[in-house]
Amino acid sequence: MRSIFNQLLKCLPLGAVLTCVAPAYAQDCKNYYFLHSNAEVEVTLYDGKGDKSAVQTWVVNEVNADGNATRSTVTATMVNTKGEEIVKSTGTYRCQEGRLMADIRMVLPYNQDPQNQQTQPTATGKLDEAYVEYPAVMTEGMQLPDAVFDMEVTTAGAPGVARIEMTNRKVEGKEQVTSDAGSWDAYKITYDAEMKMRVAGIGVPVNMKTTEWFVPGFGVVKSESYNKKGKLRGKTLLTGLKM
């Protein structure tokens with residue numbers, strides 16, 4: 001069961017690609033790749049040794065107005081290094097005046113390991129409790145809102161309940177991130193991630209440290225996750241985009 005937790009908290013999928021992002025985009029929603037209808041984004045996942053472990057493809061299926069906000073529906077498909085589908089999931093994103101709300105169900109790669117294909121988390125919490133918030137404007141030292149999410153999971157046929165908490169989210173500064181897809185000036189965000197899960201009456205908490213690089217008005221372009229001893233568990237990197 002601990003391996004299931006480690007896959008859930010190993011790294012975060014990410015989004016968006018541009019070679020540069022103008023400061024004016026910070027107050028705008030139209031440049032987030034999640035809000036471009038039919039956009040396709042490729043994210044590559046690596047294990048702690050730096051070896052490629054999976055590829056996740058995001059497809060924006062639908063974009064609609066939601067009051068004063070914009071709302072999209074996104075499908076994510078993950079395949080292993082053999083090209084075999086591991087898991088497919090659907091979630092939502094919302095944006096208002098540049099503030100992005102990312103569905104926590106979509107930013108958790110809960111089935112990265114092919115051995116864990118039987119784990120299929122399903123959200124049970126209210127929708128307004130299931131989003132990770134990224135403000136339109138960020139500054140170094142800024143504290144970001146925590147995120148908490150409850151969900152049902154099935155592990156090898158056994159039902160269970162899990163709670164995911166993302167706390168102590170802080171903007172550490174700006175760094176350059178470069179990949180084959182482009183180069184970005186991104187804000188480095190760190191936070192603590194804890195999962196408490198009970199299956200068949202047995203509970204095992206797992207704690208991780210996560211760092212992600214976020215471009216306001218665009219999205220996350222890189223992430224890394226570490227265990228409590230500081231050992232790298234995995235990372236993600238934007239590797240492609242079609243808009």
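Residues numbered from 1 in each chain as written. Predicted model: local features only at pLDDT ≥ 70, side-chain atom pairs only at ≥ 80, totals over all residues. Heavy atoms only, no water.

Asker: Any chance you could explain the pairing of strand 12 (residues 219–227) here in plain terms?
Answerer: Here is the key point about a regular strand: its side chains alternate between the two faces of the sheet. By the criterion of burial, strand 12 is predominantly enclosed, with 7 of the 9 residues buried. When strand 11 (residues 202–215) meets strand 12, the two strands line up antiparallel, connected through 8 bridges. Of the residues in strand 12, the one forming a bridge with Lys209 is Tyr226. Between strand 11 and strand 12, which follow one another and run antiparallel, lie 3 residues, and Gly217 among them has a positive phi close to 80 degrees. (Buried < 20%, exposed > 50% of the residue type's maximum accessible area, 1.4 Å probe, protein only. Helix = DSSP H or I, 4+ residues; strand = E, 2+ residues; numbered from the N terminus. Pairing = 2+ DSSP bridges.)

Asker: Would you explain the side chain of Thr210 in this entry?
Answerer: Looking at the element boundaries, Thr210 is found in strand 11. In this structure Thr210 comes out as buried when scored by relative accessible area, which is 2%. Among the polar contacts listed, one links the side chain of Thr210 to the side chain of Ser225, at a separation of 3.2 Å. (Polar contact = N/O pair within 3.5 Å; in protein donor to acceptor, adjacent residues only side chain to side chain.)

Asker: When you look at the pattern of salt bridges in this model, what are you seeing that I'm missing?
Answerer: Any two side chains of opposite charge can pair, on the condition that their charged atoms come close. According to the stated counting rule, one finds 8 salt bridges in the structure shown. One salt bridge connects Arg94 with Asp66, and the closest N-O pair in it is separated by 3.1 Å. With Arg94 in strand 4 (residues 85–96) and Asp66 in strand 2 (residues 52–66), the pair connects residues that are 28 residues apart, well separated along the chain. Judged by relative accessible area, which is 22%, Arg94 ranks as partly exposed. Note on Asp66: relative accessible area 28%, which makes it partly exposed. Here Asp150 ties to Arg163 by a salt bridge, and the two come within 2.7 Å at their closest N and O atoms. With Asp150 in strand 8 (residues 147–155) and Arg163 in strand 9 (residues 158–179), the pair connects residues that are 13 residues apart, well separated along the chain. (Salt bridge = Lys/Arg side-chain N within 4 Å of Asp/Glu carboxyl O.)

Asker: Explanation requested: the nonpolar core in the structure shown.
Answerer: A general tendency of soluble globular proteins is for nonpolar side chains to be buried together. Core analysis: the largest hydrophobic core is formed by 57 residues, its most contacted members being Trp58, Tyr93, Ile104, Tyr134, Met138 and Phe214. At 9 residues, strand 10 (residues 182–199) tops the list of elements feeding residues into this core. (Core = buried A, V, L, I, M, F, W, Y, C linked by side-chain atoms within 4.5 Å.)

Asker: I'm lost on the state of the cysteines in this one. Help?
Answerer: As used in these notes, a disulfide is a covalent bond between sulfur atoms, one from each of two cysteines. Within the structure shown, the criterion is met by 1 disulfide. Each sulfur in the disulfide pair Cys29 and Cys95 lies 2.0 Å from the other. Disulfide Cys29 to Cys95: torsion about the S-S bond roughly -80 degrees, handedness left-handed. One end of the pair, Cys29, is in the loop between helix 1 (2–9) and strand 1 (40–47); the other, Cys95, is in strand 4, with 66 residues separating them in the sequence. Just as Cys29 is buried, Cys95 falls in that class too. (Disulfide = S-S within 2.5 Å.)

Asker: Hey, could you run me through the packing of aromatic side chains in this one?
Answerer: Describing an aromatic ring pair means giving the distance of the ring centres and the angle of the ring planes. In this structure the tally under the stated criterion is 5 aromatic pairs. Pairing Phe34 with Tyr93 gives two aromatic rings, centres 3.5 Å apart and planes at 15 degrees, and the pair type is stacked. Residue Phe34 is found in the loop between helix 1 and strand 1, and its partner Tyr93 is found in strand 4; the two are separated by 59 residues along the sequence. Here the two residues Phe34 and Tyr93 agree in accessibility, since each one is buried. (Phe/Tyr/Trp six-rings, centres within 6.5 Å; stacked < 30°, edge-to-face > 60°.)

Read these as layout, nothing more, since geometry by itself doesn't imply function.
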